[in-house]
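Read off the chains here:
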Amino acid sequence: MRDVILHAFNWLYTDVANRARAIAEHGYGAVLLPPPLYSDQNNPDWWQRYQPKDYRVVRSFLGSKRELERAINTLHDQGMRVYTDVVFNHMANEKEHRRDPYNFPGEEELKRYRYEREAFEADRLYGDLDVGLFSPWDFNPQGDISNWNNLIESQERWLCGLPDLDLNDWVIQQQRICLAALNTLGFDGYRIDAIKHLSLEHIKRVLQIPEINGEYVFGEALTANDNEENIFLWPLMDTISISYYDFPLHETLRRVFSPAGTMRELVNPEAYRQSLPWHRGVTFTITHDIPNNDGFRWQILNPQDEFLANVYILCRDGGVPLVFTDHNESANKYGSDRDRWNEAWCRPDTVGMIAFHNAMHGAPQRPLFEDDGFIVFARGDRGIVAINKSAEWQHPRIWTYGLRHGRYRCMIHGYDMQVQGNHFEFAIPPRQAQIWLCQEK
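As the structure is a prediction and not an experimental result, all values here were calculated from the model. (Residues numbered from 1 in each chain as written. Predicted model: local features only at pLDDT ≥ 70, side-chain atom pairs only at ≥ 80, totals over all residues. Heavy atoms only, no water.)

Visitor: Would you mind going over helix α12 (residues 348-359) in detail, with residue names and values included?
Guide: The terminal C-alpha atoms of α12, which comprises 12 residues, lie 16 Å apart, in line with the 16 Å expected from a rise of 1.5 Å per residue. Buried residues of α12: Asp349, Thr350, Gly352, Met353, Ile354, Phe356, His357 and Asn358, and no others. (Helix = DSSP H or I, 4+ residues; strand = E, 2+ residues; numbered from the N terminus. Expected span 1.5 Å × (residues − 1). Buried < 20%, exposed > 50% of the residue type's maximum accessible area, 1.4 Å probe, protein only.)

Given below as structure tokens:
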């Protein structure tokens, strides 16, 4: 089964459609598209997609409803699933640009709908565009979050000036209708943005509807330490039976790849609640929020450590891996980011990791060797993964019981090796990884 998700961050819909065949050939099983709901179509800034103006219209800088439908259909034709980001916590911050910033879409937009009726009807997702969607009484009282570790404040106050939607029947109804309408476009699942800022009651009433039964739904509860996970993530895990971004595993990876960290923590992190259960986590080494927001950049791994961490999440047994790729959005402010994630989806090392992941999907994992500086583990009887974070060559000697004998190929570097006998000794270069797949039938 192919399940690796390509996060096509800020991609134009036409680019998604044009690259669909290549995406499938590189081994991806799904594509996560940016939020499709109406946002400023003239502004290329990525964050505009996270400030919706109207649920009832599909239109943004990334393209029209027709272009989105073509992207979805083209991906489906290649056998891939299509997920999209939905933003239900808040609406756009437009208080600097219009007189009625808490009426959505606002009187000026309603005039546009009337004057450009044919164009907006083509982009209409549902509903009557002659009337407004939300009014001031559909929002929580104005005021930004000040204590980010206070659960009630995080759910009831505003996120950095973004009008925070109230939990009322009208808002819930519109969000449920919106999800049902997105289903008709062909989406196979949804990423719920900022889910930790939504109350449990809100989430239950919106997500537990027949229209999305069987869809793959996963939430983004951004956390950075055990305390935040205990406040925001684990209560969701224990209450709402969807998947979530595996921030506990990301925290573990940051700790493991720190100078004092030990690779032994990666042998079975789930057993110590240092990762989500194998069937509930979307695993990653970087998300779009981390490089693009000043307050999260401290979570970025060293580039070589990120490579080693990618080997781990794509080659371990457990979780649905997500591969992030951008167009140098963060590099406009941080020059060191340039080309770090741009076109990462098609790099040879990424493609090799995905090929190993797909070949070994569902095969059990067991440790072959563990040390503070490196680990070696098996996948089934024909996959071997070796990751060395240390600055020295490592030569672990493993027992080959349970492994096929014969020729193995490294899916990253293209080298071959012959595994035979009762024991086998590896040579793992400093700060490198190898993923070996048996080539014998």
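Still to come is the rest of the account.
Visitor: Tell me about the pattern of salt bridges, and please be specific about residues and values.
Guide: Evaluation of the coordinates by the stated rule reveals 34 salt bridges. The salt bridge partner of Glu116 is Arg112, with a shortest N-O separation of 3.2 Å. Under the relative-accessibility criterion, Arg112 is labelled partly exposed at 26%. (Salt bridge = Lys/Arg side-chain N within 4 Å of Asp/Glu carboxyl O.)

Visitor: Can you explain the pairing of strand β14 (residues 383-388)? Please cite residues and give values.
Guide: The buried fraction of β14 is high, at six of six residues. Of the two faces of β14, the one holding Gly383, Val385 and Ile387 and the one holding Ile384, Ala386 and Asn388 are both buried throughout. The pairing of strand β13 (residues 374-379) with β14 spans six bridges and is classified as antiparallel. Residue Arg379 lies in a different strand from β14, and its bridge partner there is Gly383. Where β13 hands over to β14, the hairpin turn is made up of three residues, of which Gly380 adopts a positive phi near 60°. Judged from the six bridges that link them, β14 and strand β19 (residues 432-438) form a sheet pairing that is antiparallel. For Val385, the partnering residue across the bridge sits in β19 and is Ile435. (Pairing = 2+ DSSP bridges.)

Visitor: So what's going on with the sheet that holds strand β5 (residues 63-64)? Residues and values would help.
Guide: The strand order across the open sheet formed by three strands is β3-β4-β5, and the pairing between neighbours is antiparallel. Strands at the two margins of the open sheet, each flanked by one partner only, are β3 (37-38) and β5. Of the strand pairs in this sheet, strand β4 (residues 54-60) and β5 are connected by two bridges, and their pairing is antiparallel. What sits directly across from Arg59, in β5, is Ser64. Set on the sheet, helix α6 (residues 169-185) makes contact with β3 and β4; between it and β4 the angle comes to about 40°. (Contact = heavy atoms within 4.5 Å. Axes fitted to C-alpha atoms, helices over the stretch in contact; angles between N-to-C directions.)

Visitor: Lay out the packing of helix α11 (residues 303-315) against α12 with the relevant residues and their values.
Guide: The interhelical angle for the contact between α11 and α12, taken along N-to-C directions, is 20°, at an axis separation of 9 Å. Overall, the two elements α11 and α12 adopt an arrangement that is roughly parallel. Here α11 runs over α12; the crossing is right-handed. In this structure, α11 uses Phe307, Asn310, Val311, Leu314 and Cys315 to contact α12, whose residues at the interface are Asp349, Met353, Ile354, Phe356 and His357. A breakdown of the residues in the contact of α11 with α12 according to their chemical character gives seven nonpolar, two polar and one charged. (Parallel < 35°, antiparallel > 145°, perpendicular 65-115°, else oblique. Left-handed = near helix turned anticlockwise from the far one by under 90°. Nonpolar A, V, L, I, M, F, W, Y, C, P; charged D, E, K, R; others polar.)

Visitor: Hey, could you go over the environment of Ala386 for me, with residue numbers and the actual values?
Guide: Residue position: Ala386 is located in strand β14. According to the relative accessible area criterion, Ala386 is buried, its value standing at 0%. Distance from Ala386 to Ala433, taken between C-alpha atoms, is 5.5 Å for residues 47 residues apart in sequence. Contacts of Ala386, omitting those with residues within four sequence positions, involve Ile375, Val376, Ile428, Gln432, Ala433 and Gln434.

Visitor: Quick rundown of the packing of aromatic side chains? Include the residues and the values.
Guide: Overall, the coordinates contain 25 aromatic pairs when judged by the stated rule. Ring geometry for Trp11 versus Trp345: centroids 5.7 Å apart, planes at 70°, classification edge-to-face. Of this pair, Trp11 sits in the loop between β1 (5-8) and α1 (13-25) while Trp345 sits in the loop between β11 (320-325) and α12, placing them 334 residues apart in sequence. Accessibility expressed as a relative area gives 1% for Trp11, which makes it buried. Judged by relative accessible area, which is 4%, Trp345 ranks as buried. Each ring, one from Tyr312 and one from Phe377, has its centre 6.4 Å from the other, and the planes form 90°; the classification is edge-to-face. Separated by 65 residues along the polypeptide, Tyr312 in helix α11 and Phe377 in strand β13 bring together distant segments of the chain. Here Tyr312 falls in the buried class, since its relative accessible area comes to 1%. Phe377 sits in the buried class, given a relative accessible area of 3%. The ring of Phe232 has Lys196 lying over it, and the distance from NZ or CZ to the ring centre is 4.6 Å. (Phe/Tyr/Trp six-rings, centres within 6.5 Å; stacked < 30°, edge-to-face > 60°. Lys NZ or Arg CZ within 6 Å of the ring centre and 35° of its normal.)

Visitor: Describe the nonpolar core, with residues and values.
Guide: Tyr55, Leu182 and Val311 are the most contacted members of the largest nonpolar core, which has 108 residues in total. Apart from residues no more than four positions distant in its own chain, Tyr55 is found in contact with Leu37, Val87, Phe88, Met91, Leu125, Tyr126, Leu133, Phe134, Leu165, Gln174, Gln175 and Cys178. In terms of nonpolar packing, the next biggest core, distinct from the first, is built from 21 residues, Ala30, Leu32, Tyr50 and Val320 among them. (Core = buried A, V, L, I, M, F, W, Y, C linked by side-chain atoms within 4.5 Å.)

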